[in-house]
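Residue strings, one per chain:
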Amino acid sequence: MAHWKANKVTILKENRRMQMIIVDDEAHWVDSLTATKPWHTLGIEQVHKAYSAHEALQLLETHPIDLVISDVLMPEMTGIELIAKIRERDPKIKCIILSGHSDFEYAQEALRHQAVNYLLKPPTDVELMDAVSAAIGQLKEEWESISSYERTEFTLRENLPMLRGQLLLGALRGERQSEADWTRKLGSYDLPFVFGECALLLVRMEEEFGQYRNNGQVLMEYAIINMAEEILGEFAKVWGVKDDHGYLVFLLQFKEQYDGALKESLLEKSAMQLQSKVKQFLRGSLSIVTTEPFQFPEKLSDRYKHSVAYFRQIVGDEREFVMRADDLEDQVSHGALDAIHAPPVLRNLLEAGRWESAEGKLNEVFAELDEKWSDSWEHCLEAGYIIASSYTHFAHRNGHTLAGLLGDHMEQLQSGEAFSSIGKLRSWALAALAMLDKGTSEEVKDIRSVYVKKIQAFVEGHLHLDVSLRALADHVNLHPTHLSKLYKIETGEGISDYVSRLRMETACHLLKMTDKKVYEISSEIGYLDPAYFIKVFKRQFGSTPQEFREGN
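What counts, and at which threshold
Residues numbered from 1 in each chain as written. Predicted model: local features only at pLDDT ≥ 70, side-chain atom pairs only at ≥ 80, totals over all residues. Heavy atoms only, no water. Helix = DSSP H or I, 4+ residues; strand = E, 2+ residues; numbered from the N terminus. Buried < 20%, exposed > 50% of the residue type's maximum accessible area, 1.4 Å probe, protein only. Areas by Shrake-Rupley, 256 points an atom, 1.4 Å probe, with all protein chains shown as cover. pLDDT = per-residue confidence, 0-100. Contact = heavy atoms within 4.5 Å. Salt bridge = Lys/Arg side-chain N within 4 Å of Asp/Glu carboxyl O. Pairing = 2+ DSSP bridges. Axes fitted to C-alpha atoms, helices over the stretch in contact; angles between N-to-C directions. Core = buried A, V, L, I, M, F, W, Y, C linked by side-chain atoms within 4.5 Å. Arc of directions from axis to C-beta. Phe/Tyr/Trp six-rings, centres within 6.5 Å; stacked < 30°, edge-to-face > 60°. Lys NZ or Arg CZ within 6 Å of the ring centre and 35° of its normal. Right-handed = clockwise from strand over helix to strand, strands pointing away. Expected span 1.5 Å × (residues − 1). Parallel < 35°, antiparallel > 145°, perpendicular 65-115°, else oblique. Left-handed = near helix turned anticlockwise from the far one by under 90°. Nonpolar A, V, L, I, M, F, W, Y, C, P; charged D, E, K, R; others polar.

1. Considering the overall build of the protein chain
- Helix and strand counts for the protein chain come out as 24 helices and 11 strands.
- Buried residues in the protein chain amount to 44% of all 552 residues.
- Only carbon and sulfur atoms are counted for the fraction: they give 50% of the accessible area of the protein chain, which is about 29500 Å².

2. Here's the deal with the confidence of the model for the protein chain
- On average, residues of the protein chain score 85 in pLDDT, and 89% of them reach the 70 mark or higher.
- When pLDDT is averaged over each element of the protein chain, strand β8 (residues 248-254) comes out on top at 96 and helix α1 (residues 2-14) at the bottom at 37.
- Counting interchain partners and residues more than four positions distant, the pLDDT-below-50 stretch residues 1-16 has 21 contacts.
- Taken as a whole, residues 328-333 scores under 50 in pLDDT and shows 4 contacts with residues more than four places along the chain or in a different chain.

3. Considering the pattern of salt bridges
- Taken as a whole, this structure holds 23 salt bridges when the rule is applied.
- Of the charged contacts in the structure, one is a salt bridge between glutamate 61 and arginine 89, with a shortest N-O distance of 2.5 Å. Placement of the pair is glutamate 61 in helix α3 (residues 53-62) and arginine 89 in helix α4 (residues 79-89), with a sequence separation of 28 residues.
- In this structure, arginine 501 and glutamate 505 form a salt bridge, with 3.1 Å as the shortest nitrogen-oxygen distance.

4. Some points on the sheet that holds strand β4 (residues 94-99)
- An order of β2-β1-β3-β4-β5 is seen for the 5 strands of this open sheet, with the pairing classed as parallel. Two strands bound the open sheet, and with one partner strand each, they are β2 (44-50) and β5 (117-120). This sheet shows a mean twist of 20 degrees between the axes of neighbouring strands, independent of strand direction.
- Where strand β1 (residues 18-23) and β2 come together, 6 bridges link them in parallel fashion. The partner of methionine 18 across the bridge, within β2, is isoleucine 44.
- Most of the contacts of α4 go to β4, to which it runs at about 175 degrees, and overall it touches β1, β3 (67-71) and β4.

5. Quick notes on the nonpolar core
- Residues Trp39, Ile44, Ile69, Val132, Val459, Leu483 and Phe533 are the most contacted members of the largest nonpolar core, which totals 56 residues.
- When residues of this core are assigned to their parent elements, the largest contribution, 9 residues, is made by helix α21 (residues 495-513).
- Sequence-distant contacts of valine 459, that is, excluding residues within four places in its chain, are made with Val467, Leu472, Tyr498, Val499 and Leu502.
- Within the second largest apolar cluster, 35 residues are counted, among which are Leu369, Leu406, Leu425 and Leu433.

6. Remarks on the pairing of strand β6 (residues 196-205)
- Burial analysis of β6 places 9 of its 10 residues in the buried class, the great majority of the element.
- Pairing of β6 with strand β9 (residues 286-290) involves 5 bridges; the strand directions are antiparallel. In the sheet register, valine 203 faces β9, and the bridge partner there is isoleucine 288.

7. As for unusual backbone geometry
- Note that the residue after phenylalanine 296, namely proline 297, is joined by a cis bond; omega there is 5 degrees.
- Position of proline 297 relative to the elements: it lies in the loop between β10 (294-296) and α12 (300-315).
- Residue arginine 283 is not a glycine yet carries a positive backbone phi of 55 degrees.
- By the element assignment, arginine 283 lies in the loop between α11 (260-282) and β9.
- A positive phi angle, close to 60 degrees, is found at glutamate 320, a residue other than glycine.
- Tracing the chain through its elements places glutamate 320 in the loop between α12 and β11 (322-324).

8. Some details on the environment of leucine 433
- Along the chain, leucine 433 turns up in helix α18 (residues 422-461).
- Discounting residues that sit within four places of it in the chain, leucine 433 has contacts with Leu350, Trp355, Ala358, Glu359, Leu362 and Tyr391.

9. Notes on helix α2 (residues 27-36)
- Burial in α2 covers these residues: Ala27, Trp29, Val30, Leu33 and Thr34. Along the long axis of α2, the arc covered by the buried residues comes to 165 degrees, so they all point the same way. For α2, the exposed residues set more than 90 degrees away from the buried face come down to His28, Ala35 and Thr36.

10. Looking at the packing of aromatic side chains
- Scanning the model with the defined rule gives 15 aromatic pairs in all.
- Between tyrosine 527 and phenylalanine 533 the ring centres are 5.7 Å apart and the planes differ by 35 degrees, which places this aromatic pair in the tilted class.
- Three or more aromatic residues link up through ring pairs in this structure, and these residues are Tyr527, Tyr532, Phe533, Phe537, Phe541 and Phe548.
- Residue placement shows arginine 503 over the ring face of tyrosine 527; its charged tip is 5.3 Å from the ring centre.
- A cation over a ring is seen here: arginine 539 above tyrosine 51, with NZ or CZ 3.8 Å from the ring centre.

11. Comments concerning the pairing of β4
- Among the 6 residues that make up β4, 6 are buried, leaving the element largely enclosed by the rest of the structure.
- Burial of the side chains of β4 extends over both faces: Lys94, Ile96 and Leu98 are buried on one face and Cys95, Ile97 and Ser99 on the other.
- Where β3 and β4 come together, 5 bridges link them in parallel fashion. Bridge pairing links valine 68 to cysteine 95 in β4.
- The handedness of the β3 to β4 crossover, carried by α4, is right-handed.
- Where β4 and β5 come together, 4 bridges link them in parallel fashion. Following the sheet pairing, isoleucine 97 is matched in β5 by tyrosine 118.

12. A word on helix α20 (residues 480-491)
- Counted at 1.5 Å a residue, the expected span for α20 with its 12 residues is 16 Å, and the 16 Å between its end C-alpha atoms agrees.
- The complete set of buried residues in α20 reads Pro480, Leu483, Ser484, Leu486 and Tyr487. The buried residues of α20 occupy an angular sector of 165 degrees when the element is viewed end-on, so they sit on one face. Exposed side chains of α20 directed beyond 90 degrees from the buried face belong to Lys485 and Ile489.
- Glycine 492 lies just past α20 and shows a positive phi near 80 degrees.

13. A look at the packing of helix α10 (residues 217-232) against α11
- Running from amino to carboxyl end, α10 crosses α11 at an angle of 140 degrees, the nearest separation of the two axes being 10 Å. Looking at the two axes, α10 sits oblique to α11. Remark: the crossing between α10 and α11 carries right-handed chirality. Together, Met220, Ala223, Ile224, Met227, Ala228, Ile231 and Leu232 of α10 and Ser270, Gln273, Leu274, Lys277, Val278, Phe281 and Leu282 of α11 make up the contact between the two elements.
- Classifying every residue of the contact of α10 with α11 gives 11 nonpolar, 2 polar and 1 charged.

Right, dumping it as structure tokens:
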């Protein structure tokens, strides 16, 4: 015991929220081991009881089990066979075998299936706790290896270009991040940028590169990005990515020694040099738009959107231009509605069933309309069409019509009244959102009810066959864990509890109403071993099946 106590504190500190199953057909042994040992001191949060290997396998389907302690000789399936099945499902689970026989062949088989220990019954507390401690130690070492700092760092390095690109792409799209998140990610991704003055350079690859569209386009883009980083890197930190419109976008932060006038000159000169080198070595032409300096990261998305618009409105079909986008302050009289287009968009929130987030999105849209566009019917119309389109798309994707979900609220949309003012649009949009939520929530409940009825009908008709969680999940084409949760939400009872209860209820009915032999009833309700059926029945009702029959 002293050896176990010495390790207890270390184990307690290093392990949290572990779960274990104790498996034995002798119920008193399972109950005793579960209740009398201080498993919590080893960091084991929950100990599950299984009175057969099949019960253990069902528990493995629905709980994140770390450790299994199993008897070796059990009806229907031995502990060795149980370990083999566990290995097929999850090779990381640690198994300890208990046996009343010091049989060398059993021990060999247990070790061949990677059992961490083979103990003779009854083990002493020291033997049992040491075996469990050793298993937990092995688990800890394996998971530390998987999640080690060095391995994580290597994976991060391998995926760094993609992670950097996704971070910049998200910022260009308008995804908001706190100052703390920006600081953390810039450091984690080894990006030398700091908050402050930056500029953008957007590159459009012209028609000569069209020949590579189906073969080699990515290589051409990669080559241009490398050339840009080489040229621009002489005077600035460079961070590039390909955007949603097909432009190559470079965020630039000038080195400290360059002042305002020199920055502008260097940027224009470098853009022209990039054009020249691409034409010389890649046989293709580029058009380039640069921006005025702006504050990173708060103004990044605005400047990017303005530059994209500049390409469309000013550069147009002209080729091989280097242009600087005028300052945004020159265009204060008009502007785009931002909140409705900023990710995540309303359509995606609806499809994900994120109703609270969808409502928050609408409130952001109406706040912007109130603040910036209170006199603009066109902006109200723009928001209204997008909201209505998102609602319609959601209804159709789920097999409904929008009119069917909204009822009388559809009239305001059809007449155009919903778009007549910001206030009316707000009222209609929020009310319609609540109706979509209610309509689809009732549908989800109906679907759960259908699954429950299918499961119960299958179990009632196949009680003598395999009605394990996996078999039932296969029957209704759902993942076992999802089916288990769905059934519990709808009925308040676990599937294995339902199956066990139905078996016992059926056994009682057959014992009272028929003259069938006990072994026949055992087989009819799915117990292959009559002795095991008798043991389970007695544990449930306090009498054997024969005594129950005689008493009734």
